[in-house]
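Coordinates in review
Each chain, letter by letter, is given below.
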Amino acid sequence: MTTPYLIYGAYGYTGELVAREAVRRGQRPVLAGRNAEAVRALGTELGLEHRAFALDDARAADEALSGMKAVLHCAGPFVRTSKPMADACLRAKAHYLDVTGEIDVFERLAARNAEAAAAGVMLLPGVGFDVVPSDCLAAHLERRLPSATRLVLAFQSVGGLSRGTATTMIENLHRGGLVRRDGVLTPVPAGWKTRTIDFGRGPRTVVSIPWGDVATAYYSTGISDIEVYTTATWPLRVAMKASRLLRPLLASAAVQSFLTRRVRAGAPGPTPEQRARGRTVLWGEVVDKAGGRAVSRLYGPEGYTFTTLTALAAVEKVLSGDAPPGFQTPAKAYGADFVLGGFIEGVKREDL
């Protein structure tokens, strides 16, 4: 594949997974990031062109994106990095993709739909585990029950967290939860609601979380009421509820700095063996006002493996010319069956 695209944040945990898989597929992306030494080392090892620039340097960003058809942005927290990168992509007429799961990022990019459409540029955030499988499941459920007015998604993931994901979670600990009500993002307390869901091996307790689909599924399906849940142990559910009282403390710079240092001292992310053993199961339900109901499950690999493969599948779509301009979600751009496209071994969906 000779059409040029750029991976920014290529030496981070997720970016490096994507870069190595791209090379394995015979692709030649340009690697980029803020740290010149780190991006040079990885570029030299993989035999790829590499460019170092900071996102707050518009001139350097413009030079680095010159000639690029697309950018796969892998450097978070995206709430801080997505705007300058999207700005650079719009100036360069390069399509923007990222692997965020941050609700604020989805909403901010959605607000730029008209601007991106006028520029002929696609803004496609969330091309990883956040939110390709869940977004495609939501769109499939809406297809099964077009009259649906309420959507519930839940997932169970076996694996670990990268430093970047953990850092983003730390920055949002004090913010509580979010759901969508009547089409509007609505704050709720952390650990607001629990319920029991069967992921295929018996009932499990899940707790509500502010996952990216609270934003994206609305654009993909038009469903006005959306909640997202994940499995959680009893101690974790207690900790989530306790965080309601600790919000000022969790928001303090000192506490966030301490927690971030602890994260940085740990492993960069799951090992290859952990990723190979991991798996994810997603569950979704839609209901309508007449009492109609549809339920489906989606099975796939561990989250970072999922992210690597879905992100590259989206890039390949873009480089083949399939890049509808404006703000998109994965299912809106490529359909509910995108995740079943054969680029990930073992992904299956079942209707219950």
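See the structure shown above.
Worth saying up front: this structure is predicted, and the values here are computed from it rather than measured. Within each chain, residue numbers correspond to sequence positions counted from 1 in written order. In keeping with the predicted nature of the model, local features appear solely for residues at pLDDT of at least 70, side-chain atom pairs appear and are counted solely at 80 or more, and the whole-chain, interface and lining totals rest on all residues. Excluding hydrogens and water, the side-chain figures rest on all heavy atoms present in the structure.

Points on a 1 Å grid over protein atoms alone make up a cavity when a 1.4 Å probe fits among them but cannot get out, and a pocket when they form an open set with protein on both sides within 12 Å along at least five of seven lines; lining residues each have an atom within 4 Å of a point. Grid points are joined across faces, edges and corners, and a volume is the space filled by probe spheres set on the points. For the structure on display, the rule yields 1 cavity of 30 Å³ or more. Looking at the largest cavity, the residues that line it are Ser134, Leu137, Leu153, Ala154, Phe155, Trp211, Asp213, Val228, Leu282 and Trp283. Strands are runs of DSSP state E lasting at least 2 residues, helices are runs of H or I lasting at least 4, and numbering of each runs from the N terminus. Contributions of two or more residues to the lining of the largest cavity are made by α7 (132–144), β7 (150–158) and β13 (279–287). Broken down by element, the lining of the largest cavity gets its largest block of residues, 3 residues, from β7. For the lining of the largest cavity, the residue count by class is 8 nonpolar, 1 polar and 1 charged. Only Asp, Glu, Lys and Arg are considered charged in this grouping, and only Ala, Val, Leu, Ile, Met, Phe, Trp, Tyr, Cys and Pro are considered nonpolar; every other residue, Gly among them, is considered polar.

This part takes up the side chain of Asp213. Positionally, Asp213 belongs in helix α9 (residues 213–221). No salt bridge is formed by the buried Asp213; its nearest oppositely charged neighbour, Arg180, is found at 10 Å. A distance of 3.5 Å separates a polar atom in the side chain of Asp213 from the backbone nitrogen of Asp135. We call two residues in contact when some of their heavy atoms are within 4.5 Å. Not counting residues up to four positions away in its chain, the partners in contact with Asp213 are Val131, Ser134, Asp135, Leu153, Tyr218, Ile226 and Val228. When a residue's accessible area, from a 1.4 Å probe over protein chains only, is under 20% of the maximum for its type it is buried; when over 50% it is exposed; and in between it is partly exposed. In this tally, Asp and Glu contribute negative charge and Lys and Arg positive charge; neither His nor the terminal groups of the chain are included. Only one rule defines a salt bridge in this text: a Lys or Arg side-chain nitrogen within 4 Å of an Asp or Glu carboxyl oxygen. Pairs of N or O atoms within 3.5 Å make up the polar contacts considered here, provided that, within protein, one atom can donate a hydrogen while the other can accept it, and that residues adjacent in sequence are counted only when both atoms are side-chain atoms.

In this section: helix α2 (residues 36–46). Residue pairs three or four apart in sequence face the same way in an α-helix, which turns once every 3.6 residues. Looking only at α2, the buried set comprises Val39, Leu42, Gly43 and Leu46. Down the axis of α2, the buried set is contained in an arc of 100 degrees. They therefore lie on one face. The exposed residues of α2 that point more than 90 degrees off its buried face are Glu37, Thr44 and Glu45. Residues of α2 that are buried in the fold lie against α1 (13–24), β2 (30–33) and β3 (50–52). The residue sitting at the N-terminus of α2 and contributing the capping side-chain oxygen is Asn35; that oxygen lies 3.1 Å from the backbone nitrogen of Glu37. Gly47 occupies a position one or two residues after α2 and carries a positive phi of about 70 degrees. Summarising the geometry, the arc corresponds to the directions from the helix axis toward the C-beta atoms.

Gly76 connects to Pro77 through a cis peptide bond whose omega is -5 degrees. Looking at the element boundaries, Pro77 is found in the loop between β4 (70–73) and α4 (78–92). In this model, Lys93 sits at a positive phi of 60 degrees, which is unusual for a non-glycine residue. Relative to the helices and strands, Lys93 is located in the loop between α4 and β5 (95–98). Phi is positive for Asp182, close to 50 degrees, though the residue is something other than glycine.

Spatial relationships are all this shows, so hold off on functional conclusions.
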